[in-house]
Every structure is written in structure tokens, then in C-alpha cells.
Amino acid sequence: MGVLVCGVVVLTLICQSHSLDGATNPLHRFKRYQESASSEPNDCTTRTRQPMVLSKSGNFSLDVRMPGVSPTASDTYLCVAVPVPTTRDAYIVDFEPHASMDTAHHMLLYGCRTPVSTTNYWDCGSVKGTCEDEASIMYAWARNAPPTRLPPDVGFKVGGKSRITYFVLQIHYGDVHAFSDHHRDCSGLTLRMTSKPQPFIAGMYLMMSVTTVIPPGNQVTNADVACTYNSYPIYPFAFRTHTHKLGQVVSGYRIRDGKWTLIGRQTPQLPQAFYPATKGINVKYGDTLAARCVFTGEGRTTKTYIGGTSDDEMCNFYMMYYMESRHAAPFQECMEDGSKELFQNIPPEANVPITVPPEMMMHNMMHSAGAPSTPEHQDDMALLQPKREEEEVLDQEYHLEEVTDWPESPLQLGQVSGLALDSDDNLVIFHRGDHQWGVNSFDNSGKYQQQSLGPIQQSTILVVDPVKGSVLKASGRNMFYLPHGITTDKDNNYWVTDVALHQVFKLSSDGRDTPLVVLGEAFEPGSDKEHFCKPTDVAVDPVTGNVYVSDGYCNARILKFSPEGTYLSHWGAGSSDRRRRVQFRIPHSLVFLPDRRELCVADRENGRIQCFVAESGEFVKEIKKQEFGGEVFAISYAPVHGGLIYAVNGESAYGRSAPLKGFVINYSTKEILDDFSPENAQEFGMPHDIVVTKDGRVFVGDAATDSVLKFSSDKAEHRSVKKGGIEVQEIEETETIIQTRLKPQHRVEVAVAKVQIPVVTQQKTAELVQEQSQKPQQQEDDKETTLAKQSAQGVSPAVITTLLLIPLVVVISIGVLIRYRKNRMYGDGCEVKLEQTSSGGILGKLRGKAAGGLNLGNFFATHKGYTRQGFDRLSTEGSDQEKDDDNDTDSENEEYSAPPPPAGPSSSS
């Protein structure tokens, strides 16, 4: 009887596994893709459609090809989607193209989760684009470029936990005359991949001009691009240039302390491969990256613009780099025009065209066709990997939770409108006492209608102990009508705004109620240099003392004043933005970023955060997330861990579209690292302002509940013990101990090893965790066994046998199931063969992380809504890159290889 029951259990598990595979397994999608591709017989699909090839070492290959297409018009963009054929994390380490420039103008490989189509190829040069979601460029090819091989231990991460579950191949067919014989094209590429985790993740930094105009007949036109680098260190190992017919030379540089160092320089008229970058170069926070494209307009009779057809031009400099996996940013971009002052110092070599000798062109053509390189060329291709540098990283869990026992005694507050911190990290609260902002507070011109109430008689400014919540001092009686924003300067003076008075005040923190500086005219709204209209907030530059005012509910602008209150300048979103972004709709909150010299604005009704160069007002970046729900009320900033922005959203006037929460955002990647809200089924009413202390405590002022809430990550740090020489956190049995990077897992309580534990120690910790996680199950098994023994005397032998065999059969069943899944991993009908893993094999050593943007031969036909009049920038928000625990991988991939540039003048870097 027992044996019969066990057999039924095994068969049930196997059948259930088989049924689930077809519904959820991406391998099933891959098999379906193969079947659908082969269902359209043509003269090249059967020749090129190769199955994925798997070896015992975890290396495999995947063919991604066009399914036999025949374009009918020039400048046609066609796309086809191929599912990633594995449920595990995989890493692309080599790209082998199969195309000819006689047929294809260029070829791009994207990665995403939701391609426009999964059943057949489609026209992706129209409004359809490539992907429904975020598309990441992983590879690019043009002009018979040879294969791209990456350095050891670097890989483009796909499948598994990444955001890439589909590959989308896009090919630009430039000249339709290539298909005059009506042949069907199967151009594409082979991806060499490995399942072995790679400790370094490859990425792409794209520098691209979008404003260049080349006058007809001009012998020389320069396109200059430059941006300040604001992220973790990157290590460039290859570069690629791209223009169309008029490009003469493209050069890329790193500028540090005024010194220009060449990253790479090449003519785009050679095969557009990735060439080795300058050896040993790195790029750090604060460096400037710059590129120049030199064009000639000779032979043209009309102006040439940047655009998406063969007759347009492009100016692209691609820099392929790697980063440590814990900091991975797979794609970065720069599209800002460089200033004339900066490029006055560019090395003269950048303006010297590179002549392409006929024999060099022939050599590259042969190389792309598979001709072996000579030993001396192989030596030239070798790359030295730069020294890795340790970077600060937060290795502990970081999830903010409400501190419910704060304050110890209730605070007597009205509508809380503003929060700040003094130099001792004491909390400064600005509230409205017995006044409230209601529908009758202002008329249509913005004039305050309740002056008869008089000023607020209570103390409107309270300095509060951040630990206990006790009031340390109070001020601001009989001064304000409707307080709004508050900040402090380096001398602990208060800078405040009053929307009823339409004024900005500087007050001493010593309790005196006589203002030190007054800006604006009381109760008189206006839009000139001497007037405000409901100003919302103030930020102060701690170095220069300059004051920035967000003005506000009526004027949608930022004004800049000297410390003494002298008007200096003002701007609104779009005034210094060449792309004319949407104007502010209630710039509601300001924060100054001292380490970046930037000013960020919570543009409330536009549901976004915008950052500007504080000195000039030049636009830097925008952060806009669906999670904000269309409203961002307030922001704060902490310069730790590369820069963190803290924000709170709000309820829209058109109805709530997202839960009210606080957010922690990575400034560089724009990724939401954590979100938080009150506990015990409570909700924010109107989170109106937010501040973060030096030790990471967060305070939120709520104007609807007349309260201030405190949030901290300390709950995961209170109980600490030593185990095996490693400091870990005590947690409940049902929780999991993991190590994580700064990115916290939302609403998941975990405890972690102390910051910067060596890899070996981390592994020991993992073993300890595994033991602890197994104990409850072992105890449960022991309990069942004991009960069986105790009852053995009064139970039949059949029942005893059944009870004793069930655990064993379950284990055996799981083993059979795992073995069965492995045998089916790549689908029925897929050929599986071993691949060479010797040092001479291509796969035996390579890597490269997708999600960046490599070649980008034509950047304009990649998204929905593309028109010749404009283009959508590639979205780079967010990254699913997770830290690889197996950092001691011994990958055997080959060194990056590409044809060396022809001899010419070199930089004196």
C-alpha cells in the first residue's frame, strides 16, 4: 500500500511539472518561436535557423536571425523578437554577426520584456517601435564590422532576474536595390553565452549630438558633446564611432583636472567595429566626458541634419565599459552640446581627418569574413584591465519603517507645511497654528482674503529633539498668516516663505522675531523681480550663501538671490532647455545638492523631480515615476552612497492615482530603492515636506493630520549578536538573512552581514544561514519520526512502512523532477552538443553585459511614435542588475578583440 501511494505522488509531481512548463517557462516560448519560425519555409531560414547549443560547462550559443525577409522600400527598419531560452541568469560574452553592408545598413540588438510582436517580424521604423517597455541596446553592427569579444569576467546579463526576457533584432535596410533579385534575407548574429555568473557587468555610454546642422559646401563642421560624469567608476575597454557619409573622424576624451585624455579616435568610414580603448583609463565621479565629430559638407547642396535615414547624419561615440556588478549601470548617455570654452582646449588631433588606405579597408573586409589576424595584430588587440578600485557600498538592509513611539509626548501643531534641520540635526517644524488654507483663502488673482484673522499667535517655528520629540525652543509668533516652506543656512538662520504674504523671510534662530532679510511685498502678488505669488520653498547654497526661491503657485519659476537678498537671475523649466520641456506646474519644494552643485525641484503637478545646475539654471536631469501617481510634493537629499533623493507624493486634484508614500531614489540611476508609509493600516493624509538626518532618519510633515512622522531603518539593527566571528542580525525564524547592495527589497525585512565583509566571509555567512534555515524542517522531520516510533506498537506494519517511506520518497521524487527538468531545459527537438572549452575556443572566454547601448547606427527608429521631426530618447531608468554572490568566478573567456586603428597621430595622455 505504501509503495502504491508513493508511486502516485511521483507521477502527480511529474505531470504537474510538465503542465506548468508549457504555461510559464520561457523555454517553452523559445520552442514555440522555433516552431513558428520554421513554419515559414524559405530559401535561407532552414539554412541559418540553428538550435541553441549547450555544453556541460554552462556555455551555449543562440542564433538570432531575420526569418527570410525581402524589403520593398529603401530605409526600411524590420524587427524580429526571440525569447531568451533559459530561466536562469545568463551572460552574453560574444557577438558574432552574419551580415553584409551590401544588404544591411546597420544592425541593432535590443533586450526587453515585452516586444511589439512575438509571432512574426514587423516594421519597427513606424510608430510601432521595438518594445512596448524599456528597450536596452546590447549590440550594434555596421560596415562589415568583425565579431565583438569582451574582456574576461564581463558579461551582458539576460534572463533570470534581469529585465531582458526577449531579444529584438533590428536591421536597417538602406538601399532596396540590393533586393532587386527578390532574394530573402536572413541576416543576424550568433550570441555566445554562459550561465556562469560574471563579476563585472558591461555597459554602454553613448555620446550623441542631436542639434548639429552641416551647412552645404562647408569643408569642416564640428559637433561637440560633453557631460559631467556622476556615477560609480567605470572602466572603458572599447569604443566605437558612428556617422553616415559625411563623417571624417570621431574622438572621445576624459577630462580630469583640466587634462584631456584620449579614450578613442577613429574614422567612421572604416568597418564600424569596437576598437580597443586607451589602456588603463577609468572614469570617476566629477570627470567630464567629451566627444567631437568632424564633418564635411562638401558635395551637398542643402543643409544636412541629424536624423534617421541614409541621407541624414549622425554623430555617435560609444564607450563600452565594465563596472562591478553591485554598481552596474548598463546604459548611460550624454546628449548635451559642449561649450565653446571647454572645447578650446581639445587636443589638435581631434580635428585631423583619418585617411583610410585601400589596403586597410581590404584588411578589415577580410577580417570580417573570417580571415585570421596576424600575431602582431593580435598583440595590438590585447587589452590590459584597469585596476579595480574599492567603492563605498551599503551592504545592510535599508528599509524605512515608522517609529510609532515618537514623539514621546504629543506636539501641539497646526497644518505642518515645512520641515528643516539645523546644524545639530535637530528637527525644525514650520506649521500654521490655528490658520488653515481653504477654498476661501485667496481670490482669483492670488490675493489673500483673510487678513482680518490677523497673524498666527502661536509659535510657528518649533525646534524639536529628533530622538525624543521634545520641544527645545520656539519662535515665530504674530508674524505669519499661511506658512509654507522652511530651510536653514550654514549659520542656522531660518529662510521661510508665507503664501498669504507672498514674501520670503530670513530669521535668526536666536528667537528674535525681527527679520534679517525680507523679499517681496506684503499681501501683494506679482511676477517681477520684486514680487512673488505664493512662494513655496527656499534652498540655500552652503558655500556661496546664494538663495533660491520656488515661486510657486502662480509664477512657475525659480529665482536666485544673493545672501543679502539682491536679485541675480531666474529660470523656469524650458528657459535654458534646448528641448523645451514642459514648464513647471507648481514648483513646490527645493533641495540643494552640495556635492553636485545642483538644485532639484519637486514639480508637484507634473509629478516629477527636475535637477538643474545651480549656478546657471541649466537642465541636468528629470526623474518621473509611475509610482508617484502624477504628484510629487516634496524632496530632500543625502549625499551618501552616490546620492539619495527622498521624496513624498500626494493626492491628485483629479483623484488619487497612486498610494501616498515616501520614496528613496538613487540619484544616478533614478531607481526607487525603497518606499515607506505609516504602519498599522494608517495612511498619509497630505505628506507636505520631508527631511533626512545625517544618520538616515527621515521625518515627514503631514498637513492633513497636523503631525510629523518619523521613519528609521533601525528596527533591523537593534538586536545584534556575534556568530562565527561575523556580526549578523537576529531575526524571526520565518525571515531570511541575505546580503544586499544599497537597493532595498520593498517591504521585506531582512538582516545582513556588516558592511564590506570579504567574499569568503560572505560565503561562510551563507552556509550558516542555510544551516539555520534547515533546522526548522529537520526538527519537524525528527518530530514526525519520533511520533511514528512511539505509535509503532499499536499500528499495522503497512501503516508504519508508509509513514517511514514518505520522507524518502519525497526526496527521491524531487530528485527525479529536477533531473527531468534538466533534460527538458532547452525544449524537445533542440540539438544539444558540446562546445569546445579549450583556451583556443571563442566561448572559452568572453563576456559583455547588455542593457547598455552599443552601436546605435540609427537611434531614431527604435521607439513608438518616431517621426522625422523628432525622436524619443532611450529610456534608461531603472535596472534589475542584482549583485552576484559568486564573485570568485574563474571565467575563461577570451580577451576583447577588434581590428586596431590605422597608424596616425596619438594623444600625449
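## Considerations on the overall build of the chain
Moving on, step 1. Per the secondary structure count, the chain includes eight helices and 48 strands.
Moving on, step 2. Counting every position in the chain, which comprises 909 residues, the buried fraction comes to 56%.
Moving on, step 3. A sequence separation of at least 24 residues applies to 70% of the contacts in the chain between residues at least 6 apart.
Moving on, step 4. Accessible surface for the chain amounts to roughly 38,500 Å². Of this, 51% is attributable to carbon and sulfur atoms.

## Let's talk about the sheet that holds strand β26 (residues 461-464)
Moving on, step 1. In spatial order, the strands read β24-β25-β26-β27; together these four strands make up an open sheet with antiparallel pairing. In this open sheet, the two strands that pair with only one neighbour each are β24 (416-421) and β27 (471-475). Across the sheet, the mean angle separating the axes of adjacent strands is 20° when strand polarity is ignored.
Moving on, step 2. Summarising the sheet, strand β25 (residues 427-431) and β26 pair through four bridges and their orientation is antiparallel. In the strand pairing of β26, leucine 427 is matched with valine 464.

## Some remarks on the state of the cysteines
Moving on, step 1. What the rule picks out here adds up to six disulfides.
Moving on, step 2. Between the sulfur atoms of cysteine 112 and its disulfide mate cysteine 131 the distance is 2.2 Å. The chirality of the disulfide connecting cysteine 112 with cysteine 131 is left-handed, given an S-S dihedral of about -75°. With a gap of 19 residues between them, cysteine 112 in strand β5 (residues 106-112) and cysteine 131 in the loop between β6 (122-123) and β7 (136-142) connect regions that are remote in the sequence. Exposure class is identical for cysteine 112 and cysteine 131. Each is buried.

## Here we look at the pattern of salt bridges
Moving on, step 1. If you walk through the whole model with that rule in mind, you get 18 salt bridges.
Moving on, step 2. Among the ionic pairs, arginine 604 bridges to glutamate 631, the shortest N-O distance being 3.8 Å. Linking arginine 604 in the loop between β37 (598-603) and β38 (608-613) with glutamate 631 in the loop between β39 (619-623) and β40 (632-638), this pair joins segments that are 27 residues apart in sequence. Per residue, the accessibility class of arginine 604 equals that of glutamate 631, and both read buried.
Moving on, step 3. One continuous salt-bridge network, built from bridges that share partners, spans Asp603, Arg608 and Glu622.

## Examining the pairing of strand β2 (residues 59-65)
Moving on, step 1. With respect to burial, β2 is a largely interior element, seven of its seven residues being buried.
Moving on, step 2. The alternating pattern of β2 places Asn59, Ser61, Asp63 and Arg65 and Phe60, Leu62 and Val64 on opposite faces, both of which are buried.
Moving on, step 3. Pairing geometry for β2 and strand β11 (residues 188-194), over seven bridges, is antiparallel. Within β11, the residue paired with valine 64 across the bridge is leucine 189.

## Here's the deal with the packing of aromatic side chains
Moving on, step 1. Per the stated rule, a full pass over the model turns up 30 aromatic pairs.
Moving on, step 2. Considering the side-chain rings of phenylalanine 200 and tyrosine 322, the 5.4 Å spacing of their centres and the 55° angle between planes classify their relative orientation as tilted. A residue pair is termed long-range when its members are at least 10 positions apart, and phenylalanine 200 in strand β12 (residues 200-208) and tyrosine 322 in strand β21 (residues 316-324) qualify at 122 residues.
Moving on, step 3. Just above the ring of phenylalanine 633 sits the side chain of arginine 604; from NZ or CZ to the centre is 4.6 Å.
Moving on, step 4. A cation sits over an aromatic face here: lysine 621 above tyrosine 667, 3.9 Å from the ring centre.

## What to know about unusual backbone geometry
Moving on, step 1. Omega for the peptide link from tryptophan 406 to proline 407 comes to -5°, which places this bond in the cis form.
Moving on, step 2. Position of proline 407 among the secondary structure elements: in the loop between β23 (401-402) and β24.
Moving on, step 3. Note that the residue after aspartate 551, namely glycine 552, is joined by a cis bond; omega there is -15°.
Moving on, step 4. As for its placement among the helices and strands, glycine 552 is situated in the loop between β33 (547-551) and β34 (557-561).

## Looking at the side chain of threonine 693
Moving on, step 1. Note on placement: threonine 693 falls in the loop between β44 (687-692) and β45 (698-702).
Moving on, step 2. Apart from residues lying up to four places away in sequence, threonine 693 is in contact with Leu421, Asp425 and Phe699.

## Describing the sheet that holds β37
Moving on, step 1. Reading across the sheet, the four strands line up as β36-β37-β38-β39 and stay open at both edges, with antiparallel pairing between neighbours. Only two strands of the sheet have a single partner each, and these edge strands are β36 (587-593) and β39. The average angle at which neighbouring strand axes cross in this sheet is 20°, direction not considered.
Moving on, step 2. With six bridges connecting them, β37 and β38 associate as antiparallel partners. When the bridges of β38 are listed, aspartate 603 appears paired with arginine 608.

## A few points about the nonpolar core
Moving on, step 1. In terms of nonpolar packing, the biggest core is built from 77 residues, with Leu109, Phe167 and Leu191 touching the most fellow members.
Moving on, step 2. With sequence-adjacent residues up to four places away left out, leucine 191 is seen in contact with Phe60, Ser61, Leu62, Val64, Ile92, Asp94, Phe95, Leu109 and Phe167.
Moving on, step 3. Within the second largest apolar cluster, 20 residues are counted, among which are Ala420, Val463, Phe480 and Val499.

## Quick look at the confidence of the model for the chain
Moving on, step 1. Mean pLDDT over the chain: 74, with 66% of residues reaching 70 or higher.
Moving on, step 2. In this model, residues 13-24 is a region of pLDDT below 50 whose contacts with residues beyond four sequence positions or in other chains number 14 contacts.
Moving on, step 3. Note that pLDDT drops below 50 for residues 359-396; the model gives that stretch 88 contacts with residues more than four away or on any other chain.

## Details of the environment of leucine 246
Moving on, step 1. Structurally, leucine 246 can be placed in the loop between β15 (235-242) and β16 (247-256).
Moving on, step 2. You can call leucine 246 buried: its relative accessible area is 6%.
Moving on, step 3. In this structure, the C-alpha to C-alpha distance between leucine 246 and glutamine 269, residues 23 residues apart in sequence, is 9.1 Å.

## Here's the deal with the environment of isoleucine 690
Moving on, step 1. Mapped onto the elements, isoleucine 690 comes out in strand β44.
Moving on, step 2. On the accessibility criterion, isoleucine 690 (1% relative accessible area) is buried.
Moving on, step 3. Taking the C-alpha atoms as reference points, isoleucine 690 and leucine 709, separated by 19 residues in sequence, lie 9.6 Å from one another.

## Looking at the environment of proline 483
Moving on, step 1. Mapped onto the fold, proline 483 is located in strand β28 (residues 483-488).
Moving on, step 2. Between the C-alpha atom of proline 483 and that of threonine 460, which follows or precedes it by 23 residues, the distance is 7.9 Å.
Moving on, step 3. Sequence-distant contacts of proline 483, that is, excluding residues within four places in its chain, are made with Ser417, Phe430, His431, Arg432, Ile456, Thr460, Thr497 and Asp498.

## Points about the pairing of strand β41 (residues 644-649)
Consecutive side chains along a regular strand alternate between the two faces of the sheet.
Moving on, step 1. Counting buried positions along β41 yields six of six residues, so the element is predominantly enclosed.
Moving on, step 2. Here β41 shows no split at all, with Leu644, Tyr646 and Val648 on one side and Ile645, Ala647 and Asn649 on the other all buried.
Moving on, step 3. Relative to β41, β40 runs antiparallel, the two sharing six bridges. By the bridge assignment for β41, serine 636 is matched with tyrosine 646.
Moving on, step 4. From the end of β40 to the start of β41, which pair antiparallel, there are five residues, and histidine 641 there has a positive phi angle of about 55°.
Moving on, step 5. Relative to strand β42 (residues 662-666), β41 runs antiparallel, the two being bridged by five bridges.

## Here we look at the side chain of threonine 76
Moving on, step 1. Checked against the element boundaries, threonine 76 lands in strand β3 (residues 76-83).
Moving on, step 2. For threonine 76, a relative accessible area of 14% translates into the label buried.
Moving on, step 3. Apart from the residues within four sequence positions on either side, threonine 76 is in contact with Pro71, Ile171, His172 and Tyr173.

Parameters and conventions
- Residues numbered from 1 in each chain as written.
- Predicted model: local features only at pLDDT ≥ 70, side-chain atom pairs only at ≥ 80, totals over all residues.
- Heavy atoms only, no water.
- Helix = DSSP H or I, 4+ residues; strand = E, 2+ residues; numbered from the N terminus.
- Buried < 20%, exposed > 50% of the residue type's maximum accessible area, 1.4 Å probe, protein only.
- Contact = heavy atoms within 4.5 Å.
- Areas by Shrake-Rupley, 256 points an atom, 1.4 Å probe, with all protein chains shown as cover.
- Pairing = 2+ DSSP bridges.
- Axes fitted to C-alpha atoms, helices over the stretch in contact; angles between N-to-C directions.
- Disulfide = S-S within 2.5 Å.
- Salt bridge = Lys/Arg side-chain N within 4 Å of Asp/Glu carboxyl O.
- Phe/Tyr/Trp six-rings, centres within 6.5 Å; stacked < 30°, edge-to-face > 60°.
- Lys NZ or Arg CZ within 6 Å of the ring centre and 35° of its normal.
- Core = buried A, V, L, I, M, F, W, Y, C linked by side-chain atoms within 4.5 Å.
- pLDDT = per-residue confidence, 0-100.

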